Amino acid sequence: MRYLVLVMCLGLLSGCASIVSTDYDAGATFSQYQTWAFAPDKGQGNYLSLDGARVETALERELQGESLKKADLATADLLVTYRVEEAEKLESSGFTYGLGFGRSNWGWGVATAPDVRQVKQGKLVVELVDRSTQKVVWRGVSRRYLDERQSPEDRVELIDEVVTAMFERYPPA
């Protein structure tokens, strides 16, 4: 019974975990920002990637929802930059089997190891930069990862979910 209660509590706690973290400049006056534009070097190289286009679409939607207007690069109050930072993770799959016996303080056992492989993932980082000071005033980081095995639909859904969660915390209270 105790194990069941423990598992249920852990499930509730993991469901409440935030999918993003944000940080901001406490000295910035966010009410002064009325316009935005994508920064010239958004970390995308020469071409806009598929995920880059998905991120830009989600950012445009959320910034418009914050009553910020898209403007020319030269006149925008905020410059928006984003990047997907790569990370590698070990992932195990499959079943393991074990056999053992023992008595009292003595025992013996054998088990098989699960298959382990390295998976590339990427976390989304969004920064808002004050154009006049060239300083980052707000930053959002995803705690959920884009995985190379996700379908295009799953990637769009994850990017939309993460960007929406980021801008729930903008402007900072």
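Quick summary incoming for the structure in this document. For clarity, every value in this text was computed on a predicted model and none was experimentally measured.

What counts and what doesn't
- Residues numbered from 1 in each chain as written.
- Predicted model: local features only at pLDDT ≥ 70, side-chain atom pairs only at ≥ 80, totals over all residues.
- Heavy atoms only, no water.
- Phe/Tyr/Trp six-rings, centres within 6.5 Å; stacked < 30°, edge-to-face > 60°.
- Helix = DSSP H or I, 4+ residues; strand = E, 2+ residues; numbered from the N terminus.
- Buried < 20%, exposed > 50% of the residue type's maximum accessible area, 1.4 Å probe, protein only.
- Salt bridge = Lys/Arg side-chain N within 4 Å of Asp/Glu carboxyl O.
- Contact = heavy atoms within 4.5 Å.
- Patch = residues over 30% accessible without salt bridge, like charges linked within 9 Å, V, L, I, M, F, W, Y side chains within 5 Å.
- Areas by Shrake-Rupley, 256 points an atom, 1.4 Å probe, with all protein chains shown as cover.
- Core = buried A, V, L, I, M, F, W, Y, C linked by side-chain atoms within 4.5 Å.
- Expected span 1.5 Å × (residues − 1).

Digging into the packing of aromatic side chains
Now for step 1: According to the stated counting rule, one finds 10 aromatic pairs in the structure shown.
Now for step 2: Plain terms: the ring middles of Phe 38 and Tyr 82 are 6.2 Å apart, the flat faces sit at 75 degrees to each other, and that makes the pair edge-to-face. Here Phe 38, found in strand β2 (residues 35–38), pairs with Tyr 82, found in strand β4 (residues 78–93); they are 44 residues apart in sequence, far enough to count as distant. Neither residue differs from the other here; Phe 38 and Tyr 82 are each classed as buried.
Now for step 3: When the ring of Phe 101 is compared with that of Trp 108, the centres are 5.7 Å apart and the planes differ by 50 degrees; the resulting orientation is tilted.
Now for step 4: Among the aromatic residues, those joined into a cluster by ring pairs are Tyr 24, Phe 30, Tyr 33, Trp 138, Phe 167 and Tyr 170.

Digging into the pattern of salt bridges
Pairing between side chains of opposite charge can happen when their charged atoms approach one another.
Now for step 1: Overall, the coordinates contain nine salt bridges when judged by the stated rule.
Now for step 2: Where Arg 61 meets Asp 160, a salt bridge forms, and the shortest distance between an N and an O atom there is 3.3 Å. Of the two residues, Arg 61 sits in helix α2 (residues 50–65) while Asp 160 sits in helix α3 (residues 152–167), which places them 99 residues apart along the sequence.
Now for step 3: With relative accessibility at 25%, the residue Asp 160 sits in the partly exposed group.
Now for step 4: As a salt-bridge pair, Arg 144 and Glu 161 come within 2.7 Å of each other at their nearest N and O atoms. With Arg 144 in the loop between β8 (135–142) and β9 (146–147) and Glu 161 in helix α3, this pair connects stretches of sequence that are 17 residues apart.
Now for step 5: In the salt-bridge network here, residues are joined through shared partners; they are Arg 83, Glu 85, Glu 127 and Arg 139.

Some words on the environment of Leu 99
Now for step 1: Positionally, Leu 99 belongs in strand β5 (residues 98–103).
Now for step 2: Separated by 10 residues in sequence, Leu 99 and Gly 109 place their C-alpha atoms 5.5 Å apart.
Now for step 3: In contact with Leu 99, other than residues within four places in its own chain, are Trp 108, Gly 109 and Val 110.

Re a nonpolar patch on the surface
Now for step 1: Residues Phe 101, Trp 106, Trp 108 and Val 110 make up a contiguous nonpolar surface patch of roughly 490 Å² in combined accessible area.
Now for step 2: Among the secondary structure elements, Phe 101 is positioned in strand β5.

Some thoughts on unusual backbone geometry
Now for step 1: The peptide bond linking Tyr 170 to Pro 171 adopts the cis configuration, its omega dihedral lying at -10 degrees.
Now for step 2: Along the chain, the position of Pro 171 falls in the segment after α3.
Now for step 3: Positive phi values are uncommon outside glycine, yet Ser 67 reaches one of about 65 degrees.
Now for step 4: Within the secondary structure, Ser 67 is located in the loop between α2 and β3 (69–70).
Now for step 5: Judged by its relative accessible area of 59%, Ser 67 is exposed.

Describing the nonpolar core
Now for step 1: Ranked by internal contacts, the top residues of the largest apolar core, which has 29 residues, are Leu 59, Trp 138, Phe 167 and Tyr 170.
Now for step 2: Of all elements in the fold, only β2, α2, β4, β7 (115–130), β8 and α3 reach the threshold of two or more residues within this core.
Now for step 3: Per-element tally for this core: the top contributor is α3, with seven residues.
Now for step 4: With sequence-adjacent residues up to four places away left out, Phe 167 is seen in contact with Leu 59, Glu 62, Leu 63, Glu 66, Leu 128 and Trp 138.

What about α2?
Now for step 1: Counted at 1.5 Å a residue, the expected span for α2 with its 16 residues is 22 Å, and the 23 Å between its end C-alpha atoms agrees.
Now for step 2: Buried residues of α2: Asp 51, Gly 52, Arg 54, Val 55, Glu 56, Ala 58, Leu 59, Glu 62 and Leu 63, and no others.
Now for step 3: Taken from the residues just after α2, Ser 67 is the one with a positive phi, measuring 65 degrees.

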